[in-house]
Amino acid sequence: MTTTLPRLDTVGDFRDRAEAAMSAPVRDFVAGGSEAETTLAANRAAFDRVTVVPRVLTGGPAPDPGATLAGTRSALPLAVAPMAYQRLLHPEGELATARAAAAAGVPFVISTLSSVTVEELSAAGGEQWFQLYWLRDDLATVELVRRAEDAGCRALMVTVDVPVMGRRLRDVRNGFVLPPEIRAANVAAGATSAAHTPADSGSALIAHTNGAFHPALTWAHLETLRSRTALPIVVKGVLDPADARRAAGIGASAVVVSNHGGRQFDGAPAAVTMLPAAVEAVRGTCEVFVDSGVRSGTDVLRALALGADGVLIGRPVLWGLAAGGEAGVAGVLSVLDGELRAAMRLAGCADVAAARKLTAIMGRP
């Protein structure tokens, strides 16, 4: 059934509609950060401090925002970020998101903790990547990689900033527990887990994650993965430029400068503030993406002007999903497309390469 939405002109409009439709615990699960949410707030404030110096008298046709991201051609310089348990927001969950991404011509990153299996999602079409959380069971991790390859995923995105889950106080105070029908479909055949059982810590998701994920991931794990797959590897969760350089050195195709949307270490810098140093550190040896705080097409242009090859879009996609399923996600991606094209035209850049040559200024806090 097709969902008909009223006119929604900005990502904020989708957020408002989504939050009115969500239960309070799910709303907090989507919106919340860790501890005092200092880093969560810093992400947005940092983007607002970035200004871009436009060029004039550039002439030419309408801008072309197409890009190639980790070997995948995309209609926009963005991919849909990996996000868990999307059936919390809409009955179709990741299937709706994957179809909307395919229609928009942008990569969709399947989460290890997706509530729909990678095999089911491959049928949605489009360009798909698989996000890998390294599990305590190495054989189970290898099996996830094999399944992603067999399903036709075009890249592996390894998330490296979750040795344990950050203390997300909204979930703790809500005693957040997954309902029985929402499961991590790719892990242990989607069996009932600690995520479904009330926890002493307050958050069943913290208990599940800390029990399931490898707590001591090292560079050796990435080197092993590089030797076992031919897929491009994207390393997500890098902030220090030295880590970006090392990831490039072991053969990563891209790194994602990210603080996990403010949901892990509270007190980490805003991701976009670390972007220029990461770009300089890898010096063209691998691509650099950024996430955490992107809310508009103008933000995408800001990231490009700071040197990014592209961005990942997270919460805005979830707001679209909650607001209207596939149509809602399509609406969010359409808004971002229109905003980016307008921003590129006003800044005088014909394509992504020209956008990356613009001068960006990071203002003081």
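Provided above is the structure to which this section pertains.
Residues numbered from 1 in each chain as written. Predicted model: local features only at pLDDT ≥ 70, side-chain atom pairs only at ≥ 80, totals over all residues. Heavy atoms only, no water.

**Some remarks on the packing of aromatic side chains**
For step 1, the next point in the chain: For the structure shown, the criterion picks out three aromatic pairs.
For step 2, the next point in the chain: Ring centres of Trp 129 and Phe 289 lie 6.4 Å apart, and the angle between their planes is 20 degrees; on these two criteria the pair is classed as stacked. Here Phe 289 lies in strand E10 (residues 287–290) and Trp 129 lies in strand E6 (residues 128–132), a separation of 160 residues in the sequence. With respect to class, Trp 129 is no different from Phe 289; both count as buried.
For step 3, the next point in the chain: Residue placement shows Arg 15 over the ring face of Trp 319; its charged tip is 5.9 Å from the ring centre. (Phe/Tyr/Trp six-rings, centres within 6.5 Å; stacked < 30°, edge-to-face > 60°. Helix = DSSP H or I, 4+ residues; strand = E, 2+ residues; numbered from the N terminus. Buried < 20%, exposed > 50% of the residue type's maximum accessible area, 1.4 Å probe, protein only. Lys NZ or Arg CZ within 6 Å of the ring centre and 35° of its normal.)

**A word on empty space enclosed by the protein**
For step 1, the next point in the chain: Here the structure, examined in full by the defined rule, presents two cavities of 30 Å³ or more.
For step 2, the next point in the chain: Roughly 580 Å³ of internal volume is contained in the largest cavity.
For step 3, the next point in the chain: What lines the largest cavity is a set of 36 residues, and nearest its centre among them are Pro 82, Met 83, Ala 84, His 260 and Arg 263.
For step 4, the next point in the chain: Looking at the lining of the largest cavity, the elements that each hand over two or more residues are helix H2 (24–31), helix H8 (204–212), strand E11 (310–313) and helix H13 (315–347).
For step 5, the next point in the chain: In the lining of the largest cavity, the residues fall into 21 nonpolar, nine polar and six charged.
For step 6, the next point in the chain: Roughly 30 Å³ of internal volume is contained in the second largest cavity.
For step 7, the next point in the chain: Taken together, Leu 222, Arg 226, Ile 233, Val 235, Ile 250, Gly 251 and Ala 252 form the lining of the second largest cavity.
For step 8, the next point in the chain: Of the residues assigned to the lining of the second largest cavity, the class counts are five nonpolar, one polar and one charged. (1 Å grid on protein atoms, 1.4 Å probe; cavity = no way out; pocket = protein on both sides within 12 Å on 5 of 7 lines; lining within 4 Å. Points joined across faces, edges and corners; volume = space filled by probe spheres on them. Nonpolar A, V, L, I, M, F, W, Y, C, P; charged D, E, K, R; others polar.)

**Examining the side chain of Glu 287**
For step 1, the next point in the chain: With respect to the helices and strands, the residue Glu 287 is situated in strand E10.
For step 2, the next point in the chain: For the buried residue Glu 287, which engages in no salt bridge, the nearest side chain bearing the opposite charge is Arg 356, 8.8 Å off.
For step 3, the next point in the chain: A polar contact is formed between the side chain of Glu 287 and the backbone nitrogen of Ala 70, at a distance of 2.9 Å.
For step 4, the next point in the chain: Dropping the residues within four chain positions of it, Glu 287 is found in contact with Thr 68, Leu 69, Ala 70, Gly 71, Ser 253, Ala 254, Val 255 and Asp 309. (Lys, Arg positive; Asp, Glu negative; His and termini not counted. Salt bridge = Lys/Arg side-chain N within 4 Å of Asp/Glu carboxyl O. Polar contact = N/O pair within 3.5 Å; in protein donor to acceptor, adjacent residues only side chain to side chain. Contact = heavy atoms within 4.5 Å.)

**A word on unusual backbone geometry**
For step 1, the next point in the chain: For Glu 37, which is not a glycine, the phi torsion comes out positive at approximately 60 degrees.
For step 2, the next point in the chain: Looking at the secondary structure, you find Glu 37 in the loop between H2 and helix H3 (38–48).
For step 3, the next point in the chain: You can call Glu 37 buried: its relative accessible area is 17%.
For step 4, the next point in the chain: Non-glycine residue Tyr 85 carries a positive phi angle of around 55 degrees.
For step 5, the next point in the chain: Positionally, Tyr 85 belongs in the loop between strand E4 (78–80) and helix H4 (94–104).

**A short note on the environment of Ser 114**
For step 1, the next point in the chain: Counting through the fold element by element, Ser 114 comes out in the loop between strand E5 (108–110) and helix H5 (118–122).
For step 2, the next point in the chain: For the pair Ser 114 and Lys 236, spaced 122 residues apart in sequence, the C-alpha separation works out to 17 Å.
For step 3, the next point in the chain: When sequence neighbours within four positions are dropped, the list of residues in contact with Ser 114 reads Tyr 85, Glu 94, Leu 121, Arg 183, Ala 184, Ala 185 and Asn 186.

**Here we look at the pattern of salt bridges**
For step 1, the next point in the chain: All told, the structure shown has 18 salt bridges when counted by the stated rule.
For step 2, the next point in the chain: Its salt-bridge partner being Glu 326, residue Arg 99 comes within 2.8 Å of it at the nearest N-O pair. Here Arg 99, found in helix H4, pairs with Glu 326, found in helix H13; they are 227 residues apart in sequence, far enough to count as distant.
For step 3, the next point in the chain: By relative accessible area, which is 31% here, Glu 326 ends up partly exposed.
For step 4, the next point in the chain: The partner of Lys 236 in a salt bridge is Asp 291, with the nearest N and O atoms 3.3 Å apart. Note that Lys 236 is positioned in strand E8 (residues 233–238) and Asp 291 in the loop between E10 and helix H12 (297–305), a separation of 55 residues in sequence. Both residues of the pair, Lys 236 and Asp 291, count as buried.
For step 5, the next point in the chain: Look at the salt bridges and you will find they share partners, linking Arg 44, Asp 48, Asp 299 and Arg 302 into a network.

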